[in-house]
Amino acid sequence: MKSVQHAIRNRLHVHRHDKHHEDHTEESRYHKGQDGEKIQLDYHNFNMSNQKEADESSMASTESLSTVSEVIAGSHDTSSNKDFEDKTVYEAQLTQLQEQLVTVMIENQALHAQVQDYENSSQVNALKEQLEAEQEKCEQLHLQLLEEKKKGLSAKKLGLSSSTESVPEVEIAEPATNYVMQDGPDGGGGPSQKTPPPRRALAVRLWECVFGWVYELLEDLEPLEPKGEEDGEGPPLTVKQLKENIKRFKTALTPYINTFKGIHRLMTWKSPAFTLLVFGVYMYTVYQGLFLPCTLFLLTFRLGINYLRHRGMNINFNYLDPGEEDKKDAEEKGMSDKFNLVLFVARKVQNVLGTLADSLEKIKNLFIWEQPEATSTLFFGLFFGFVLSLIFETGVLFYLAGLYLGVKLFVIDYFFNRYPRLKRKRDTVYKIWLSLPTDIEKEKRSVRSEIDKYILPQQQSYSENEVWSESQMEHMTRDDKSFCELFSLPLSECPLPGWHGGKRCTLINKDKSITGAFKNGRLYLTRSFLCFERSKTPTPKNIVIPLCDIAHIEKAKPYSWMPGGGMAIEITLVGSDKTFTFGALLNRDEVFYSIVCLGKRAQLNWAKDPELIPRRHSLEN
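Keep in mind that this is a model prediction, so the values were computed, not measured.

> If you had to explain the overall build of the protein to someone new, which residues and values would you point to?
Per the secondary structure count, the protein includes 19 helices and nine strands. Buried positions account for 24% of the 621 residues belonging to the protein. In the protein, 54% of the contacts between residues at least 6 apart in sequence involve partners at least 24 apart. Summing over all exposed atoms, the protein offers an accessible surface of approximately 46200 Å²; the carbon and sulfur share of this is 58%.

Here it is, written out as structure tokens:
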């Protein structure tokens with residue numbers, strides 16, 4: 001036991017002597033190179049604190065060991081019976097003290113390693129060098145600015161190159177001038193109070209503003225980075241959102257509709273006194289050249305009224321009176337009323353969109369010479385205006401145009417709207433607008449021009465009793481007119497007697513499957529055409545067969561499994577292998593003989609075959 005205590009005491013003495021020698025060496029090294037800076041003082045204070053902690057821990061361990069040795073020495077005076085128990089307790093305490101001693105030694109080694117890392121670190125030196133360089137730049141630039149102020153150079157004489165070299169460096173060196181390293185009261189370096197930067201010249205500040213604006217503009221012109229892909233179709237369709245959007249649209253559109261209603265009431269002299277007043281003011285301002293100032297004043301006054309309303313004042317003032325609004329019952333509607341309302345809105349939207357489409361198509365056709373008469377009128381009008389603009393001044397032309405518009409809108413249009421027959425005869429703009437075709441009308445015209453080539457002459461047609469005169473055309477029924485409009489036929493090509501309602505039949509296409517081969521409809525016969533109207537399909541699906549284009553006609557049975565004679569007629573056209581098969585015809589023979597007799601009276605080649613019509617039937621006809 002004495003040998004163990006002696007070894008521990010020697011080990012602590014040697015370790016304390018070596019540690020003291022190393023700390024003394026490091027302290028002497030730092031004191032030799034002391035330059036008064038703050039970093040070295042902090043490092044010295046850090047070492048002193050670590051040394052104090054190490055000395056205190058070693059003294060505590062020494063005192064504990066001395067106490068243990070005294071206890072062990074006194075234990076030999078006790079009786080021999082208690083030696084074994086005391087020895088066990090002392091060995092346990094000695095083991096704990098050894099563990100504490102090892103822990104203290106490890107902590108001392110870790111602190112020593114940290115001191116070595118701080119000593120060998122290159123960041124402190126790099127920061128010191130950078131700080132010294134920035135201070136030197138700041139001093140040089142400060143001297144240059146003072147020299148420029150003394151010379152008294154103006155902003156116009158300063159070159160772009162010198163300003164671009166100096167301005168950015170001033171911005172970089174400014175942070176270094178904010179703090180100046182001075183010796184503190186304890187002899188170390190420390191930051192002093194913030195010193196204000198030197199005042200820069202006016203030219204330098206102007207150049208900084210210009211460069212800042214240019215850099216900001218260049219950043220704005222840079223393309224933006226594409227964001228995540230967004231759904232171009234927007235949110236999904238919902239009844240609630242649709243209803244809300246329709247309500248918002250109606251609310252937002254109401255002021256514009258009221259404005260147009262007010263203009264219409266003004267032009268139609270619904271309030272003669274007010275319209276006469278507006279007309280007089282308009283003509284006077286145009287005559288005096290005050291129309292533009294008056295218009296701007298009215299708009300400014302309107303904005304002022306709106307501002308007062310925004311501030312809470314109840315001011316009801318309008319230039320135009322839209323008339324009385326339709327007051328509808330606010331009661332809750334039933335299901336049938338809501339359904340009728342939906343149909344009404346859908347029909348209204350359909351009609352409005354159709355009117356807008358017709359207007360846009362007419363304007364397009366006006367400029368592309370689809371109606372030469374109307375476009376030529378516009379062309380000569382524009383050319384005449386061009387000649388007048390070369391002769392007269394622009395102010396005179398605006399003066400004349402303003403007077404003409406005032407008379408046209410307030411006087412001439414009033415008489416035209418009041419007397420429609422006078423408008424149809426004398427209103428040139430109205431007549432030009434009616435003559436312009438839409439795309440649908442243009443397509444019908446092209447189809448009708450093609451159909452006119454296949455119309456048979458009247459002297460070779462059916463009979464004189466069936467020839468339509470002009471007086472008979474005026475008294476045509478609505479069904480006959482709708483039929484001619486449906487197939488783009490002239491009014492003379494109405495269905496023949498006995499064919500006004502058409503013949504029910506089925507168009508059979510053998511090239512398709514059974515499910516898609518049958519198309520139901522009606523068959524019509526006119527003087528020059530055989531027409532098939534498909535039921536429940538658009539009009540482009542209808543078929544018009546000129547009688548003069550028929551190469552062969554015969555009775556047929558399209559499918560062998562069909563009962564009877566087939567109740568069908570097959571028609572082959574000239575120059576085409578395609579055949580038209582019309583099946584499910586009631587009284588197929590009478591229909592067939594009617595078509596053949598009409599072709600024979602028209603002296604068509606395909607109807608000259610005597611086998612087509614039996615002798616008995618030909619004698620009857």
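> I'd like a description of the sheet that holds strand S5 (residues 529-534), backed by residues and values.
Pairing is antiparallel across the open sheet formed by seven strands, whose spatial order is S6-S5-S4-S3-S9-S8-S7. Whereas interior strands pair on both sides, the edge strands pair on one side only; in this sheet they are strand S6 (543-546) and strand S7 (550-556). Direction aside, neighbouring strands of the sheet carry axes that sit 30° apart on average. Of the strand pairs in this sheet, strand S8 (residues 568-573) and strand S9 (residues 579-583) are connected by four bridges, and their pairing is antiparallel. Looking at S9, one finds that Ile 569 is bridged to Phe 582.

> Break down unusual backbone geometry for me, citing the residues and quoting the values.
Excluding glycine, a negative phi dihedral is what most residues carry, and trans is how most peptide bonds are arranged. The backbone of Trp 269 sits at a positive phi, close to 60°, despite the residue not being glycine. Here Trp 269 shows up in the loop between helix H7 (239-267) and helix H8 (272-288). Residue Trp 269 is classed as partly exposed on the basis of its relative accessible area, which comes to 22%. Backbone geometry places Trp 369, a non-glycine residue, at a positive phi of 60°. Among the structural elements, Trp 369 can be located in the loop between helix H10 (335-367) and helix H11 (372-391). Residue Trp 369 is classed as partly exposed on the basis of its relative accessible area of 45%.

> Describe helix H17 (residues 478-486), listing the residues and the values that go with them.
Every α-helix winds through 3.6 residues per turn, so residues three or four apart in the chain are directed the same way. Among all positions of H17, only Asp 480, Phe 483 and Cys 484 are buried. End-on, the buried residues of H17 take up no more than an arc of 95°, which puts them together on one face. For H17, the exposed residues set more than 90 degrees away from the buried face come down to Arg 478, Asp 479 and Glu 485. Of the residues trailing H17, Ser 488 is marked for its positive phi of about 55°.

> How would you explain the layout of surface pockets if you had to name every residue and give the values?
The method is simple in principle: a probe with the dimensions of a water molecule rolls over the atoms, and the space it marks as empty is what remains. Its volume calculated, the second largest pocket comes out at about 1200 Å³. Along its surface, the second largest pocket is lined by 27 residues, and Leu 266, Val 278, Leu 298, Tyr 319 and Leu 320 are the ones closest to its centre. Going through the elements one at a time, H7, H8, helix H9 (291-310) and helix H12 (394-418) are the ones with two or more residues in the lining of the second largest pocket. The dominant element in the lining of the second largest pocket, judged by the number of residues it contributes, is H9, at nine residues. Among the residues making up the lining of the second largest pocket, the classes are represented as 19 nonpolar, six polar and two charged.

> I'd like a rundown of the packing of H8 against H12, residues and numbers included.
For any two helices packed against each other, one specifies the crossing angle of their axes together with the interaxial distance. Where H8 contacts H12, the two axes come as close as 9 Å, and the packing angle between them is 170°. Put simply, H8 runs roughly antiparallel to H12. Across the interface between the two elements, Thr 275, Val 278, Phe 279, Tyr 282, Met 283, Val 286 and Tyr 287 of H8 pack against Tyr 399, Gly 402, Leu 403, Leu 405, Gly 406, Val 407, Phe 410 and Val 411 of H12. Along the lines of polarity and charge, the residues of the contact of H8 with H12 split into 12 nonpolar, three polar and no charged.

> Which residues make up the packing of aromatic side chains, and what values do they have?
If you walk through the whole model with that rule in mind, you get 19 aromatic pairs. Each ring, one from Trp 269 and one from Tyr 414, has its centre 5.9 Å from the other, and the planes form 55°; the classification is tilted. Residue Trp 269 is found in the loop between H7 and H8, and its partner Tyr 414 is found in helix H12; the two are separated by 145 residues along the sequence. Through a chain of ring-to-ring contacts, the aromatic side chains of Phe 279, Tyr 282, Phe 291 and Phe 410 assemble into a single cluster. One residue, Lys 423, lies across the ring of Tyr 430, its end atom 4.7 Å from the ring centre.

> Which residues make up a positive patch on the surface, and what are the values?
A surface patch of positive charge is lined by Arg 421, Arg 424, Lys 425, Arg 426 and Lys 431. For the positive patch, the leading source of residues is helix H13 (residues 420-426), giving four residues. With respect to the helices and strands, Arg 426 occurs in helix H13.

> Any chance you could break down the pairing of S9 for me, citing the residues and the numbers?
In terms of residue burial, S9 counts as a mostly covered element, since four of its five residues are buried. Bridge count between strand S3 (residues 503-508) and S9: three bridges; the pairing is antiparallel. Counted as the bridge partner of Ile 508 is Thr 581 from S9. Hairpin connection of S8 to S9: five residues between the antiparallel strands, including Gly 575 at a positive phi of 70°.

> Provide a residue-level description of the confidence of the model for the protein, including the pertinent values.
For the protein, the mean per-residue pLDDT works out to 76, and 68% of the residues sit at or above 70. Segment residues 1-5 is flagged for pLDDT under 50; beyond a separation of four residues in sequence, or across chains, it makes five contacts in the model. The low-confidence segment residues 153-192 (pLDDT under 50) makes 52 contacts with residues lying over four places distant or belonging to another chain.

> Would you mind going over H7 in detail, with residue names and values included?
Spanning 29 residues, H7 covers 41 Å between terminal C-alpha atoms, matching the ideal 42 Å at 1.5 Å per step. Residue Thr 254 marks the point of greatest curvature in H7, where the axis turns by about 35°; the proline Pro 255 follows within four residues. Residues of H7 that are buried: Asn 258, Gly 262 and Leu 266. At its buried positions, H7 is contacted by H8 and H12. Just beyond H7, the residue with positive phi is Trp 269, at close to 60°.

> If you had to explain the pairing of S8 to someone new, which residues and values would you point to?
As paired elements, S7 and S8 share six bridges and run antiparallel to each other. Residue Ala 556 lies in a different strand from S8, and its bridge partner there is Ala 568.

> Which residues make up the nonpolar core, and what are the values?
Within the largest apolar cluster, 30 residues are counted, with the highest numbers of intra-cluster contacts made by Leu 525, Leu 530, Ile 553, Phe 582 and Trp 606. For this core, the secondary-structure elements that each account for two or more residues are S3, strand S4 (518-525), S5, S6, S7, S8, S9 and helix H18 (588-601). Sort the elements by how many residues they give to this core and H18 lands first, with six residues. Setting aside residues up to four positions removed in sequence, Ile 553 forms contacts with Ile 569, Glu 570, Ile 571, Phe 592, Ile 595, Val 596, Trp 606 and Leu 612. In this structure, Phe 483, Cys 484, Leu 489 and Phe 529 belong to the second largest nonpolar core, which totals 10 residues.

> Mind laying out the pattern of salt bridges, listing which residues take part and the relevant values?
Inspection of every chain in the model, using the stated rule, returns nine salt bridges. A salt bridge links Lys 453 to Glu 450, with the nearest nitrogen and oxygen atoms 3.5 Å apart. When its relative accessible area of 60% is taken as the criterion, Lys 453 is described as exposed. When its relative accessible area of 41% is taken as the criterion, Glu 450 is described as partly exposed. Here the residues in one salt-bridge network are Lys 364, Glu 370, Asp 439 and Lys 442, joined through shared partners.

Conventions used here
Residues numbered from 1 in each chain as written. Predicted model: local features only at pLDDT ≥ 70, side-chain atom pairs only at ≥ 80, totals over all residues. Heavy atoms only, no water. Helix = DSSP H or I, 4+ residues; strand = E, 2+ residues; numbered from the N terminus. Buried < 20%, exposed > 50% of the residue type's maximum accessible area, 1.4 Å probe, protein only. Contact = heavy atoms within 4.5 Å. Areas by Shrake-Rupley, 256 points an atom, 1.4 Å probe, with all protein chains shown as cover. Pairing = 2+ DSSP bridges. Axes fitted to C-alpha atoms, helices over the stretch in contact; angles between N-to-C directions. Arc of directions from axis to C-beta. 1 Å grid on protein atoms, 1.4 Å probe; cavity = no way out; pocket = protein on both sides within 12 Å on 5 of 7 lines; lining within 4 Å. Points joined across faces, edges and corners; volume = space filled by probe spheres on them. Nonpolar A, V, L, I, M, F, W, Y, C, P; charged D, E, K, R; others polar. Parallel < 35°, antiparallel > 145°, perpendicular 65-115°, else oblique. Phe/Tyr/Trp six-rings, centres within 6.5 Å; stacked < 30°, edge-to-face > 60°. Lys NZ or Arg CZ within 6 Å of the ring centre and 35° of its normal. Patch = residues over 30% accessible without salt bridge, like charges linked within 9 Å, V, L, I, M, F, W, Y side chains within 5 Å. Salt bridge = Lys/Arg side-chain N within 4 Å of Asp/Glu carboxyl O. Lys, Arg positive; Asp, Glu negative; His and termini not counted. Charge placed at Lys NZ, Arg CZ, Asp CG, Glu CD. pLDDT = per-residue confidence, 0-100. Expected span 1.5 Å × (residues − 1). Bend = angle between axes of the 7 residues up to and from the residue. Core = buried A, V, L, I, M, F, W, Y, C linked by side-chain atoms within 4.5 Å.

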